[in-house]
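# Observations on chain architecture
Each chain, letter by letter, is given below.
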Amino acid sequence: MKMIHLTDTHLTQPGQPLYGSFPAERLRACVASINAEHADADLCVITGDLAHAGEPEAYAQFADIIAELKVPVQLVVGNHDHRGRLGAQFPSLQYDENGFVQSVIHNSSGSFIFMDSVKEGTHAGAYCEKRQQWLAEKLAQASGDVYLFMHHAPFKTGIKPMDKIGLDIQDAAKLQSLLHSHGRVKHLFFGHYHRPMHGSWSGIGFSTLRGLNHQVVLDFQEEDHYLFNHEPPAYAIVFIDDDNVIVHNHDFLDPSTPFNASTEPEWNA
Ligand SMILES: [Fe+2]
C-alpha cells in the first residue's frame, strides 16, 4: 500500500496570510505535487489543524483545493479545528456516537483508525473515557495490523512548549495500556508538532512531519515561547506491507535540480 501523510495545513480565510505565508497557496502546491508524482497512492491522510481559526470560509477554501486531489482523502481534526464547521464542508465526515470525528477503514493492509484528540477550549489534547471505549471496540473488531492516526502525540517529545499542549498525560497512559493489550498496533501517525520526528513509543513506531505553512524551531531549551520558523513544507510518502512501514519525507518545494552522480568526475575518486 502507498499512502500520503500530510498535516497542519492551517488554512485561513481567502487571501489572508498567516505568519507571512499563504496557507492556501501551499496546499495548492502540495496537491499539485501529489497529483504529479504520487497520484497512484491509495490514501492521503491529513492529521489535523486543517484550518487555523476554524472559519467556514477557510474550510470552504480547503474543500475546494482538496477536491482537486486525485488520491482519496481522510481527515483528522486538530486543536485549531472546529468539528461542526469542518463537517459542513465535508458531508461524508464521519462522527462517532458521541460526536467525535472518529472512523475506521479496513483494507488489505489492515485496519486504519482515525482518532479525535481535540480537547475543547484548549490547544492541549485529550482522549477521554468515551473515546477510549470507542477505540477499544474498534480494536476488538480490527483485522490484521492496526495503524493509528491522531493530531496530538501521547508522549513527551522534548520540544517543551509543544509538550505543554500535548495529550493529557493520564489519557496517554490509558491509551498506551489499551494499545498494548491489543498487540498489533504497528504505527502511529500524528501532526501538531510542525517538525519531523520518528521513533517508537513503547514499541509502537511513530512519525510526524513539518506542516505546510509554518514550522516549530528545533529547540530543546525554550520552556514557554512558541518559536516558529519557515523551514520548507513537506508531505510524506509511506509504503506499508506485511513486514514494513517505510516513511519518506518530501520537501516538495525544494528547488534542487537532480544530477547523475555516476557521470560526475568525483564519482570514481
Ligand atoms: Fe498546527
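A short tour of the structure in this document, coming up. What you see is a predicted model, and the numbers here were worked out from it, not measured in a lab.

Okay, the nonpolar core next. Ranked by size, the top nonpolar core spans 32 residues in total, and within it Leu6 and Phe62 carry the most contacts. Where this core is concerned, the elements lending two or more residues are strand S1 (2-6), helix H1 (23-37), strand S2 (43-47), helix H2 (56-66) and strand S12 (235-240). Looking at this core, the element that brings in the most residues is H2, giving six residues. In this structure, Ala124, Leu139, Leu148 and Phe206 belong to the second largest nonpolar core, which totals 30 residues.

Within the span of H2, buried status applies to Ala58, Tyr59, Gln61, Phe62, Ala63, Ile65 and Ile66. Residues of H2 that are buried sit in contact with H1, S2, strand S3 (73-76) and helix H3 (83-89).

Counting buried positions along strand S9 (residues 204-208) gives five out of five residues, so the element sits mostly inside the fold. Burial along S9 is two-sided: the face carrying Ile204, Phe206 and Thr208 and the face carrying Gly205 and Ser207 are both buried. Sheet topology note: the strand S7 (residues 185-190)/S9 ladder contains three bridges and is parallel. Note on S9: the bridge partner recorded for Phe189 is Ser207. When strand S8 (residues 197-201) meets S9, the two strands line up antiparallel, connected through five bridges. Pairing of Gly199 across the sheet is with Phe206, part of S9. With antiparallel pairing between neighbouring strands as the criterion, S8 and S9 make up a hairpin whose turn holds two residues, including Ser202 at a positive phi of roughly 40°.

Our focus in this paragraph is the side chain of Asp96. In this structure, Asp96 sits in the loop between H3 and strand S4 (103-107). Here Asp96 sits buried without a salt bridge, and the closest side chain of opposite charge, Arg131, lies 6.8 Å off (N-O distance). Non-local contacts of Asp96, meaning those with residues more than four positions away in its chain, are made with Gln102 and Trp134.

What follows deals with the environment of Lys186. Within the fold, Lys186 resides in strand S7. For Lys186, a relative accessible area of 23% puts it in the partly exposed group. Excluding residues that lie within four positions of it along the chain, Lys186 makes contacts with Asp145, Val146, Tyr147, Ile204, Gly205, Asp241, Asp242, Asp243, Asn244 and Val245. A polar side-chain atom of Lys186 sits 3.0 Å from the main-chain carbonyl oxygen of Asp242.

Let's shift gears to the side chain of Lys2. By secondary structure assignment, the location of Lys2 is in strand S1. Side-chain polar atoms of Lys2 contact the side chain of His38, separated by 2.9 Å. Among the polar contacts listed, one links the side chain of Lys2 to the side chain of Asp40, at a separation of 2.8 Å. Setting aside residues no more than four positions away along its own chain, Lys2 makes contact with Glu37, His38, Asp40, Ala41, Asp42, Leu43, Ile237, Val238 and Phe239.

The next thing to look at is the coordination of the iron ion. Every protein donor of the iron ion is accounted for by Asp8 (OD), His10 (NE2), Asp49 (OD) and His194 (NE2), and the metal-donor separations fall at 2.0 to 2.2 Å. Between the four donor atoms coordinating the iron ion, the angles at the centre fall across 88 to 174°, so the site counts as irregular. We note that the donor set of the iron ion lies within a single chain, spaced as D-x1-H-x38-D-x144-H. Of this pair, His10 sits in the loop between S1 and H1 while His194 sits in the loop between S7 and S8, and the two are 184 residues apart along the sequence. Taken individually, His10 and His194 each receive the classification buried, so the pair is uniform in this respect.

About the cut-offs
- Residues numbered from 1 in each chain as written.
- Predicted model: local features only at pLDDT ≥ 70, side-chain atom pairs only at ≥ 80, totals over all residues.
- Heavy atoms only, no water.
- Core = buried A, V, L, I, M, F, W, Y, C linked by side-chain atoms within 4.5 Å.
- Buried < 20%, exposed > 50% of the residue type's maximum accessible area, 1.4 Å probe, protein only.
- Helix = DSSP H or I, 4+ residues; strand = E, 2+ residues; numbered from the N terminus.
- Contact = heavy atoms within 4.5 Å.
- Pairing = 2+ DSSP bridges.
- Lys, Arg positive; Asp, Glu negative; His and termini not counted.
- Salt bridge = Lys/Arg side-chain N within 4 Å of Asp/Glu carboxyl O.
- Polar contact = N/O pair within 3.5 Å; in protein donor to acceptor, adjacent residues only side chain to side chain.
- Donors = N, O, S within 2.8 Å, 3.2 Å for Na, K, Ca; no water.
- Tetrahedral: all angles 85-135°; square planar, octahedral: opposite > 155°, others 65-115°.

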